[in-house]
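Residues per chain are reported as follows:
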Amino acid sequence: MDQKSIGTSGFLRGASYYWFTMMYKLNDSETIHKYLGTEKVNNIMYDKKSLTFENTGKASDDSFILYFNPKTHLVDRFYFSLPAFDANDPVLPMELDYEKIDGIYVSNTRRGVFPNAKGEYGLAIVFTYSNVKFNNRFTKEDLSL
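Residues numbered from 1 in each chain as written. Predicted model: local features only at pLDDT ≥ 70, side-chain atom pairs only at ≥ 80, totals over all residues. Heavy atoms only, no water.

Caption draft 1: Structural view of the pattern of salt bridges. On inspection of all chains with the given rule, the structure shows five salt bridges. Salt-bridge contacts for Glu39 lead to Lys48; the nearest nitrogen and oxygen are separated by 2.9 Å. Of the residues examined, Lys48 reaches a relative accessible area of 15% and is grouped as buried. Linked by salt bridges that have partners in common, Arg77, Glu95, Asp97 and Arg111 make up one network. (Salt bridge = Lys/Arg side-chain N within 4 Å of Asp/Glu carboxyl O. Buried < 20%, exposed > 50% of the residue type's maximum accessible area, 1.4 Å probe, protein only.)

So, in C-alpha cells, the structure goes:
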C-alpha cells in the first residue's frame, strides 16, 4: 500500500520494458547519437556513444552512454540517467548479458549498480528474463502501464 513503492514499481516496469527493447530502437527517429571515442574496460576497448532523445514530450529526457563491444557489436554495458529520481546525468551503470533466441540476440540479464543511502555503489538490482518467446500475440494494450 506504500505509494512510494507503488510509484517506483510502476516506473521500473516501464523502464525495464524500454531497456529490454532499447537495442532494437537505437535508430528511432527521436534518438540522437554522438560518438565519444573509446574506453578500455575489463581489457576490452569499447566504442562509446551518447544517446539522447528529442520530441518525447517528457519534462526531462533520459540520457545514456552506450559501450559497444568491438567483436560482438552488442552493447555490453551502459550508463544511464534517471531524471525522475534526480539523477540527471548518465552516471548509473548497467551491465548486460545476451541470449540468442530465434536468431535474435536478446538482453536476458541486466545488472544495475546504484548508490545506497551512504553514497556507496553496489549491485542493487538484477533484471532477468527467461522463457522469452516471439509472436506471442500480445497487443500494445496488453503491455500498457
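Caption draft 2: Unusual backbone geometry, seen in detail. Although it is not a glycine, Asp102 sits at a positive phi angle of roughly 50°. Along the polypeptide, Asp102 turns up in the loop between strand 5 (87-101) and strand 6 (104-115). (Helix = DSSP H or I, 4+ residues; strand = E, 2+ residues; numbered from the N terminus.)

Caption draft 3: Quick peek at the packing of aromatic side chains. One pass over the structure, following the stated rule, counts eleven aromatic pairs. Measuring from centroid to centroid gives 5.6 Å for Trp19 and Phe127, while their planes differ by 75°, and the two rings are edge-to-face. With Trp19 in helix 1 (residues 3-21) and Phe127 in strand 7 (residues 121-128), the pair connects residues that are 108 residues apart, well separated along the chain. Residues Trp19 and Phe127 agree in their burial class; the two are buried. (Phe/Tyr/Trp six-rings, centres within 6.5 Å; stacked < 30°, edge-to-face > 60°.)

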